[in-house]
Amino acid sequence: METAPKPGRDVPPKKDRLQTKKKKPRRYWEEETTLTAAGASPGPPGSKKRNRELRPERPKNANITKKSRISRKPHLPKKPRERRNLEPQRSVSGAQDPFPGPAPVPVEEAGKFRRIDKSKKLPHSKSKTRSRLEVAEAEEEEISIKAARSELLLAEEPGFLEGENGENTAKIRQADIVEAVDIASAAKHFDLNLRQFGPYRLNYSPTGRHLAFGGRRGHVATLDWVTKRLMCEINVMEAVRDIRFLHSEALLAVAQNRWLHIYDNQGIELHCIRRCDRVTRLEFLPFHFLLATASETGFLTYLDVSVGKIVAALNARAGRLDIMTKNPYNAVIHLGHSNGTVSLWSPAMKEPLAKILCHRGGVRAVAVDSTGTYMATSGLDHQLKIFDLRGTFQPLSARTLPQGAGHLAFSQRGLLAAGMGDVVNIWAGQGKASPPSLEQPYLTHRLSGHVHGLHFCPFEDVLGVGHNGGITSMLVPGAAEPNFDGLESNPYRSQKQRQEWEVKALLEKVPAELICLDPRALAEVDVISLEQEKKERIERLGYDPEAKAPFQPKPKQKGRSSTASLVKRKRKVMDEEHRDKVRQSLEQQPQKQEKKAKPLRARPSALDRFVC
């Protein structure tokens, strides 16, 4: 028979085995009390007696049922919050940061990116409107600080050209510049000998990566001028008067002898717009998707390339139009006329926005800088003038040239190029926001033929010149912006990125009706129109809906809202309003009497000096 093993060293008894398996659950207050009382580290309870001592005792007379919602847990005092250590953080090596917090931003740097004028405030604005304006100002302040701080991350800097020991930079030739720069920059200087099809007009794409040029004898070509890869080359068998890229390098507008034609980057004709006939000059407005054309018949036509419709056809009433340029700041078209004036046009107006008398003879060329502040003009009187477009339209400087400049062009950083016969002169200023100094040229270059077109390449220190002998690419240090916005004009974008950019640009297209001289006026309140609408509304309704309503007393407690008390309160308010009106009239009476008492002064006479 098998006998049960006796309890010994190896086999623990049954009762002891149950005790080792069972563990008493720990209460949430036991650990805290042990820590606070003994200051020891948390751990399992030492003995039953200690747990009983720490456990709260139930009062004897407390009759609490099982279903009662009264909590049996003791109310422990809340611990005070520990304050964070405000000492500066230390790095892994233990070194302390000597400049804690974000880097300060200079006020001048942040002011360049601010668009909201805080000096102009609404006189009587509602609380809701005021709060919205405060939120908008706070967001604009934060964005301007971030933009100013991000300028530190821009790696590229604008180039420059300096002569040794006071040497005149105009004497430095293109061959000397090519020898001094690196190989990649030297490859940007080249000459295309196309004398059999010239003279040429040229245009760079908005990203600055592609070049399109057209000759007077029908030669049209586009290429990636950085890699020298030819995209398309055709002969339209007709005279080409001007050529322009549209919103991207995939579409090309060519002003041929009779009509306006649209081609793609493979040289396939997509459209023939016969309503735009005998076009002499082309300009494209990228934010409005408008193609502006000037014709021999004297009409300025705006074509919306996104829908293929003509927005406006304006008669300038000044004869043949062959001098045209755009203002990149406000999208206003500048036209030069044979009577020496320059007119400013918008598709929303049938008359010019302004007319500026610039020269005693006919205007030969017009150019506007990228900020829309300065305009350069040249005329038959051999004068080259710089005008201020900030409301005054006054000439800032002038220079007489031995030969009148037939073509003008501004760079992104304010350099001015002028083509005079077979010579190209370039003038530079103190910076981007300053006008070019016409005292001494910055660079000079002589070509193999007469200049027929000038255009600075965006984001590259390159000037493209079209002449009788073909195309010349000049190196002009400091002409372009060194850093580009990858979301706006990315020269390295792929085809998929270009398609996505086109969709976003179409969604953000600015209507043609918003083109005006001062774009900041669009965000201001038109007080005159507002008052006119208010008068028309009052006449239509027969009363003023915004007038002050008569006083209506609110009902009070029982016994205080009788008819007599209501009438008494109404009369009290009416008397106060009447007193205010009388007080205002009494204050205005002395002023009126003083005006009446002043006698009308007679005209001054020469004998007044003898009167004592």
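Please read these numbers as outputs of a predicted model, since none were measured by experiment.

Student: Please clarify how the UniProt feature "repeat: WD" (unreviewed entry) in the protein should be interpreted in this entry.
Tutor: When the UniProt feature table is mapped onto this chain numbering, "repeat: WD" (unreviewed entry) sits at residues 356-390. A helix fraction of 0% and a strand fraction of 57% characterise residues 356-390, whose end C-alpha atoms lie 13 Å from each other.

Student: Help me understand the pattern of salt bridges, please; the structure alone is not making it clear to me.
Tutor: Pairs may arise between side chains of opposite charge once their charged atoms sit close together. For the coordinates displayed, the defined rule picks out 19 salt bridges. R244 is the salt-bridge partner of D242, the closest N and O atoms lying 3.6 Å from each other. In terms of burial, D242 and R244 fall into one category: buried. Among the salt bridges present, the one from D422 reaches R446, with a minimum N-O distance of 3.4 Å. With D422 in the loop between β23 (416-420) and β24 (423-427) and R446 in strand β25 (residues 443-446), this residue pair connects regions lying 24 residues apart in the sequence. Three or more residues joined by partner-sharing salt bridges are found here, namely R201, D242, R244 and E283.

Student: Teacher, can you tell me more about the side chain of D304 here?
Tutor: Topologically, D304 is positioned in strand β12 (residues 299-304). A distance of 3.1 Å separates the side chain of D304 from the side chain of K509, its partner in a polar contact. Non-local contacts of D304, meaning those with residues more than four positions away in its chain, are made with H288, F289, L290, K309, V311 and K509.

Student: Please explain the environment of N468 as it appears in this structure.
Tutor: Tracing the sequence through the fold places N468 in the loop between β27 (462-467) and β28 (470-475). Note: C-alpha distance between N468 and G198 (270 residues apart in sequence) is 4.8 Å. Excluding residues that lie within four positions of it along the chain, N468 makes contacts with L194, R195, G198, P199, G449 and H450.

Student: Teacher, can you tell me more about the sheet that holds strand β4 (residues 219-224) here?
Tutor: Pairing between the strands of a sheet is mediated by backbone hydrogen bonds and can be parallel or antiparallel. Taken in spatial order, the four strands of this open sheet run β2-β3-β4-β5, and their pairing is antiparallel. Taken across any chain shown, the strands that pair with only one partner, and hence form the sheet edges, are β2 (200-204) and β5 (229-235). Looking at each pair of strands side by side, their axes are set apart by 15° on average, direction ignored. Note that strand β3 (residues 210-215) and β4 share five bridges and pair antiparallel. Paired with F213 across the strands is A221, a residue of β4.

Student: Can you help me understand unusual backbone geometry in this one?
Tutor: Most peptide bonds are trans, and most residues other than glycine sit at a negative phi. The omega torsion across G198 and P199 is 0°, close enough to zero to call that bond cis. Looking at where P199 falls in the secondary structure, it is placed in the loop between β1 (190-193) and β2. Residue R278 is not a glycine yet carries a positive backbone phi of 55°. By the secondary structure assignment, R278 is in the loop between β9 (269-277) and β10 (279-285). When its relative accessible area of 46% is taken as the criterion, R278 is described as partly exposed.

Student: What should I look at first to understand the nonpolar core in this one?
Tutor: Side chains of a nonpolar character, in soluble globular proteins, are inclined to be buried together. In terms of nonpolar packing, the biggest core is built from 33 residues, with F213, V424, I426, L463 and V476 touching the most fellow members. At the level of secondary structure, the elements contributing two or more residues to this core comprise β2, β3, β4, β24, β26 (451-456), β27 and β28. Leaving out residues up to four positions away in the same chain, V424 has contacts with A418, L443, T444, H445, L447, V451, L454, L463, V465 and M474. A312, L314, L344 and M375 belong to the second largest nonpolar core, which has 29 residues in total.

Student: Just checking my understanding: could you explain the packing of aromatic side chains for this structure?
Tutor: Each aromatic ring pair is specified by the distance between its two centres and by the angle formed by the two planes. Applying the stated criterion across every chain yields a total of four aromatic pairs. Here the aromatic rings of Y200 and F213 are separated by 5.7 Å at their centres, their planes lie at 70°, and the arrangement is edge-to-face. Of this pair, Y200 sits in strand β2 while F213 sits in strand β3; the two residues are 13 residues apart in sequence, bridging distant segments of the chain. For the pair F459 and F484, a centre-to-centre distance of 6.2 Å together with 70° between the ring planes defines the contact as edge-to-face. Separated by 25 residues along the polypeptide, F459 in the loop between β26 and β27 and F484 in the loop between β28 and α8 (495-507) bring together distant segments of the chain.

Cut-offs and rules
Residues numbered from 1 in each chain as written. Predicted model: local features only at pLDDT ≥ 70, side-chain atom pairs only at ≥ 80, totals over all residues. Heavy atoms only, no water. UniProt positions renumbered as here; feature names shortened; annotations may be inferred. Helix = DSSP H or I, 4+ residues; strand = E, 2+ residues; numbered from the N terminus. Salt bridge = Lys/Arg side-chain N within 4 Å of Asp/Glu carboxyl O. Buried < 20%, exposed > 50% of the residue type's maximum accessible area, 1.4 Å probe, protein only. Polar contact = N/O pair within 3.5 Å; in protein donor to acceptor, adjacent residues only side chain to side chain. Contact = heavy atoms within 4.5 Å. Pairing = 2+ DSSP bridges. Axes fitted to C-alpha atoms, helices over the stretch in contact; angles between N-to-C directions. Core = buried A, V, L, I, M, F, W, Y, C linked by side-chain atoms within 4.5 Å. Phe/Tyr/Trp six-rings, centres within 6.5 Å; stacked < 30°, edge-to-face > 60°.

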